[in-house]
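Take a look at the letters that make up each chain.
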Amino acid sequence: MDARPEGILADTNVLRLPDGRRVGYAEYGDPDGLPVFALHGTPGSRFMFALTNEAAQERGLRLIAPERPGYGLSEFRHADSLGDIAADVVALADALGIGRCAIIGVSGGGPHAVATAAALQGRVALLALISPVGPVADGADTISLSFMHKLIFLRMGRSPPLCRGFFYGLRAVLRFIPNFARGLLKRRVPPSDRAMFARPEVLANLQDAVREGLRRGVDGAVQDLRLFTRSWDMALAELAVPAVLWQGSDDTIVPPEAAYLLARSLPHCRLEVIEEAGHYWIFGRFNMVLDAAAAALHA
C-alpha cells in the first residue's frame with residue numbers, strides 16, 4: 001500500500017549544491033504557505049511527512065522535507081558534526097528564498113533540527129522537537145538508559161560495522177519479509193504505539209519512508225548514529241530560539257531521559273510530556289504540532 005496521498009505538492013525534488021551534490025526534498029501543504037522545514041527520523045526519508053499534507057494545507061503551511069546525505073535522493077558525504085549536515089538545510093533555504101521559518105525534527109531528526117536552528121538562528125520562529133534523540137553522550141553519566149538504549153546509543157552507534165550490519169539487516173527484512181518487521185516492532189513498543197499501528201496508513205507511511213531512506217544504502221543511517229552518540233559540540237545554552245519539545249513518557253525507541261535533558265539544556269524550551277504515550281503518538285497528533293508552528297509564524 002502506498003501511503004503517499006494524491007494531491008501532494010511535490011514529493012520528488014532535487015537541489016544541486018555548489019559542491020555538486022544532490023539533495024532530495026519533498027514539499028507538502030500550501031505552496032504559498034508559511035515555510036516549515038520538517039526533518040525525518042533515523043532511518044527515514046522525505047516521504048515521512050506525506051500524511052501531513054492536508055492538515056498543512058488547511059493551516060496555510062508549506063512543509064519542506066529534505067533528506068540528509070545518504071538517504072533517498074540525497075548523495076552521501078561524510079560529516080564531522082551535526083552542523084555540517086545543517087549546512088545543507090541552510091543552502092536549501094537560501095536556494096528557495098526562505099527567510100523566517102519554523103523547524104520540526106522528529107526522532108532522529110531532532111538533533112539535526114537543533115543544529116539547523118543554530119545555523120538559521122535569526123530566521124527561526126519555532127523549533128519543534130518530537131520524541132527527539134537527546135544528547136546521550138553528554139548525559140550518559142547522569143541519565144537513566146534501558147539495556148536496549150545502551151546497546152543502540154552507547155555501543156552500536158560507536159561501532160560502524162555493528163551499525164552497518166544492523167541497518168542492512170533492517171533493509172533486507174523490510175524488502176523481503178515486511179510482516180516480520182512489523183511484528184518485531186509491535187513487540188518492542190507500548191500499547192499506545194500498537195494502537196497507532198492499527199491504522200493501515202500509518203504502517204504504510206512508515207514502511208514507505210524507511211524503504212526510500214535505505215534504498216541507496218545505509219550510509220546516512222550509520223552517519224546519524226555516529227553523530228548522535230558523540231558529543232554534539234553545540235552551545236545549547238546559547239540557542240536563542242523559542243522551542244517546544246514533546247516526549248512520550250513510555251517511549252521505547254529513544255531514551256525519554258535524554259530528551260528531557262535536551263529540553264533542560266535549551267534556554268527557551270517548553271517541555272510537554274505526553275503521559276502513557278510511546279514513540280509514534282505523533283501520527284495521531286501532528287495537527288497539534290502544526291498549530292504550534294502556524295501560531296509562531298503568525299506571531
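For the structure, see preceding data.
Residues numbered from 1 in each chain as written. Predicted model: local features only at pLDDT ≥ 70, side-chain atom pairs only at ≥ 80, totals over all residues. Heavy atoms only, no water.

Q: Tell me about the overall build of the protein, residues and numbers included.
A: Secondary structure summary: the protein contains 11 helices and eight strands in total. Since a compact globule built from 299 residues should have a radius of gyration of about 19 Å, the 17 Å found for the protein is in line with a globular shape. Judged by the C-alpha coordinates and their principal axes, the protein covers about 45 × 45 × 40 Å. By element, 53% of the accessible surface of the protein is carried by carbon and sulfur atoms, the whole surface being about 12200 Å². Across the protein, 31 positive and 32 negative side-chain charges occur, with their mean positions spaced 6 Å apart. (Helix = DSSP H or I, 4+ residues; strand = E, 2+ residues; numbered from the N terminus. Rg over C-alpha atoms; globule rule 2.2 N^0.38 Å. Areas by Shrake-Rupley, 256 points an atom, 1.4 Å probe, with all protein chains shown as cover. Lys, Arg positive; Asp, Glu negative; His and termini not counted. Charge placed at Lys NZ, Arg CZ, Asp CG, Glu CD.)

Q: So what's going on with empty space enclosed by the protein? Residues and values would help.
A: Under the definition given, this model contains two cavities of 30 Å³ or more. Considered as a void within the structure, the largest cavity measures approximately 60 Å³ in volume. Lining the largest cavity, in full, are V23, P66, E67, R68, P69, I85, D88 and V89. The calculated volume of the second largest cavity comes to roughly 40 Å³. Looking at the lining of the second largest cavity, the elements with two or more residues in it are α2 (82–95) and α3 (109–119). Per-element tally for the lining of the second largest cavity: the top contributor is α2, with three residues. In the lining of the second largest cavity, the residues fall into four nonpolar, two polar and one charged. (1 Å grid on protein atoms, 1.4 Å probe; cavity = no way out; pocket = protein on both sides within 12 Å on 5 of 7 lines; lining within 4 Å. Points joined across faces, edges and corners; volume = space filled by probe spheres on them. Nonpolar A, V, L, I, M, F, W, Y, C, P; charged D, E, K, R; others polar.)

Q: An account of α3 is requested, with residue identities and associated values reported.
A: The buried fraction of α3 amounts to nine of the 11 residues, a majority that puts the element mostly inside the structure. The set of residues buried in α3 consists of G109, G110, P111, H112, A113, V114, A115, T116 and A117. Next to the buried residues of α3 lie β3 (34–39), α2, β5 (101–106), β6 (124–130), α9 (219–228) and α10 (256–265). (Buried < 20%, exposed > 50% of the residue type's maximum accessible area, 1.4 Å probe, protein only. Contact = heavy atoms within 4.5 Å.)

Q: Hey, could you go over the side chain of T52 for me, with residue numbers and the actual values?
A: Tracing the sequence through the fold places T52 in the loop between β3 and α1 (53–58). The residues touching T52, leaving out its near neighbours within four places in the chain, are Y28, L63, F286 and L290.

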